[in-house]
Amino acid sequence: MCTSLTTCEWKKVFYEKMEVAKPADSWELIIDPNLKPNELAPGWKQYLEQHASGRFHCTWCWHTWQSANVVILFHMYLDRTQRAGSVRMRVFKQLCYECGTARLDESSMLEENIENLVDNLITSLREQCYEEDGGQYRIHVASRPDSGPHRSEFCEACQEGIVHWKPSEKLLEEEATFSSASNSRAREGSGYNFFSLRWCLFWASLCLLVVYLQFSFRRSTFL
């Protein structure tokens, strides 16, 4: 039974793709909000998706926000004799940073993102449960980075000890470029800049002095 539209979409995409990937086996997907990382029963495997893209909606103040650091935990088990497998899944929630309520909110995801995430899950499942070459993971699951840095104090995954947010190499390069440009501008500013505020005040004072001297000279001439 689906508890939300996003849950239904997850199950729909998972069952359709598993029917193609492993048609001879029967697999089920179970949403488990109590799933814990690295707490595995014998024979179970784990896959952790650390940078999924999702949109959150606060049910208290109606604030919405986008995050490219949604964490999803999967536990997988395959019974080879029964040709049946099970995947337990937990999508970690986030707190609203606008109203500060202690209520954790669930994320919603686009169908395209869910399909990419399921592809990654099946890749891991084939590697760990079937000992096959699962293929290449879809690295860029998030369509684009979110607008600001990840705030770990509002992240359920971070609060449970999952260290998952790391700035990308591109962001580090951009930060280094910005820092270098700032230092260059600072060095240029330390020289003689004739358009700086100090020089503008100097030239304005000099002009006023010239005008005053001319006025005084003309006045003395008429006297």
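Residues numbered from 1 in each chain as written. Predicted model: local features only at pLDDT ≥ 70, side-chain atom pairs only at ≥ 80, totals over all residues. Heavy atoms only, no water.

Engineer: Can you walk me through a nonpolar patch on the surface in this structure?
Structural biologist: Taken together, the side chains of Phe202, Trp203, Leu206, Leu209, Val210 and Leu213 present a nonpolar region at the surface, about 540 Å² in accessible area. The exposure class of Leu206 is partly exposed, given its relative accessible area of 35%. (Patch = residues over 30% accessible without salt bridge, like charges linked within 9 Å, V, L, I, M, F, W, Y side chains within 5 Å. Areas by Shrake-Rupley, 256 points an atom, 1.4 Å probe, with all protein chains shown as cover. Salt bridge = Lys/Arg side-chain N within 4 Å of Asp/Glu carboxyl O. Buried < 20%, exposed > 50% of the residue type's maximum accessible area, 1.4 Å probe, protein only.)

Engineer: Hey, could you run me through the packing of aromatic side chains in this one?
Structural biologist: Given two aromatic rings, one states the distance between the centres and the angle between the planes to describe the pair. In the structure shown here, the tally under the stated rule is nine aromatic pairs. For the pair Trp27 and Tyr130, a centre-to-centre distance of 6.4 Å together with 50° between the ring planes defines the contact as tilted. Placement of the pair is Trp27 in strand β1 (residues 26–31) and Tyr130 in the loop between α2 (111–128) and α3 (156–159), with a sequence separation of 103 residues. Here Trp27 falls in the buried class, since its relative accessible area comes to 9%. Using a relative accessible area of 11% as the deciding quantity, one classes Tyr130 as buried. Ring plane angle 25° and centroid distance 5.5 Å describe the contact between Trp44 and Tyr77, whose orientation is recorded as stacked. Of this pair, Trp44 sits in the loop between β1 and β2 (45–57) while Tyr77 sits in strand β3 (residues 64–79); the two residues are 33 residues apart in sequence, bridging distant segments of the chain. Three or more aromatic residues joined by ring pairs form one cluster here, namely Trp10, Tyr47, Phe74 and Tyr137. For the cation-ring pair, Lys22 lies above Tyr130, with the distance from its terminal atom to the ring centre recorded as 4.2 Å. (Phe/Tyr/Trp six-rings, centres within 6.5 Å; stacked < 30°, edge-to-face > 60°. Helix = DSSP H or I, 4+ residues; strand = E, 2+ residues; numbered from the N terminus. Lys NZ or Arg CZ within 6 Å of the ring centre and 35° of its normal.)

Engineer: When you look at the sheet that holds β3 in this model, what are you seeing that I'm missing?
Structural biologist: Pairing between sheet strands relies on hydrogen bonds along the backbone, with the strands arranged either parallel or antiparallel. Across the sheet, which stays open at both edges, the five strands sit in the order β1-β4-β3-β2-β7 with mixed pairing between neighbours. In this open sheet, the two strands that pair with only one neighbour each are β1 and β7 (107–108). In this sheet, strand β4 (residues 84–91) lies alongside β1 in parallel orientation, the contact comprising six bridges. By the bridge assignment for β4, Glu28 is matched with Ser86. With respect to the sheet, α2 is in contact with β1, β2, β3 and β4, its orientation differing from that of β2 by roughly 175°. (Pairing = 2+ DSSP bridges. Contact = heavy atoms within 4.5 Å. Axes fitted to C-alpha atoms, helices over the stretch in contact; angles between N-to-C directions.)

Engineer: What should I look at first to understand the nonpolar core in this one?
Structural biologist: Side chains of a nonpolar character, in soluble globular proteins, are inclined to be buried together. One finds Trp10, Trp27, Ile72 and Val87 to be the most contacted residues of the largest nonpolar core, which totals 28 residues. When residues of this core are traced back to their parent elements, those giving at least two are α1 (5–21), β1, β2, β3, β4 and α2. When neighbours within four sequence positions are excluded, Ile72 is seen to be in contact with Trp10, Tyr47, Leu48, Glu49, Ala52, Met89, Arg90, Val91, Met109 and Leu117. Val71, Leu73, Phe92 and Cys155 belong to the second-largest nonpolar core, a separate cluster that totals seven residues. (Core = buried A, V, L, I, M, F, W, Y, C linked by side-chain atoms within 4.5 Å.)

Engineer: How do you make sense of the pairing of β3 when you look at a structure like this?
Structural biologist: Moving residue by residue along a regular strand, the side chains alternate between the two faces of the sheet. Counting buried positions along β3 gives twelve out of 16 residues, so the element sits mostly inside the fold. The pairing of β3 with β4 spans eight bridges and is antiparallel. Within the sheet, the bridge partner assigned to His75 lies in β4 and is Arg88. Between β3 and β4, which pair antiparallel in sequence order, lie four residues; one of them, Arg83, sits at a positive phi of approximately 55°.

Engineer: Explain the environment of Trp27 to me, please; I cannot follow it from the model alone.
Structural biologist: As a C-alpha pair, Trp27 and Ala84 span 57 residues in sequence and 5.7 Å in three-dimensional space. Sequence-distant contacts of Trp27, that is, excluding residues within four places in its chain, are made with Phe14, Tyr15, Met18, Tyr77, Leu78, Gly85, Ser86, Val87, Leu125, Cys129 and Tyr130. Of note is the side chain of Trp27, whose polar atom sits 3.0 Å from the side chain of Tyr130. (Polar contact = N/O pair within 3.5 Å; in protein donor to acceptor, adjacent residues only side chain to side chain.)

Engineer: In this structure, what is going on with the pattern of salt bridges? I would like to understand it.
Structural biologist: Note on pairing: side chains with opposite charge can pair once their charged atoms come close. Applying the stated rule across the entire model yields nine salt bridges. As a salt-bridge pair, Lys22 and Glu132 come within 2.6 Å of each other at their nearest N and O atoms. Of the two residues, Lys22 is situated in the loop between α1 and β1 and Glu132 in the loop between α2 and α3; the sequence distance between them amounts to 110 residues. The class of Glu132 is partly exposed, set by a relative accessible area of 29%. A salt bridge links Arg83 to Asp25; the shortest N-O distance between them is 2.9 Å. Highlighted residues: Arg83 in the loop between β3 and β4 and Asp25 in the loop between α1 and β1, separated in sequence by 58 residues. The exposure class assigned to Asp25 is buried, which follows from its relative accessible area of 11%.

Engineer: When you look at the confidence of the model for the protein in this model, what are you seeing that I'm missing?
Structural biologist: Reading predicted coordinates in detail is not appropriate for stretches of low pLDDT. In this model, the protein carries an average pLDDT of 79, and 72% of its residues clear a pLDDT of 70 or more. At the low end of the mean pLDDT range in the protein sits helix α4 (residues 169–189), at 49; at the high end sits β4, at 97. Per-residue pLDDT stays below 50 along residues 141–146; that stretch engages in 17 contacts with residues further than four places along the chain or on separate chains. Of the regions scoring below 50 in pLDDT, residues 167–172 engages in one contact with residues more than four places distant in sequence or in other chains. (pLDDT = per-residue confidence, 0-100.)

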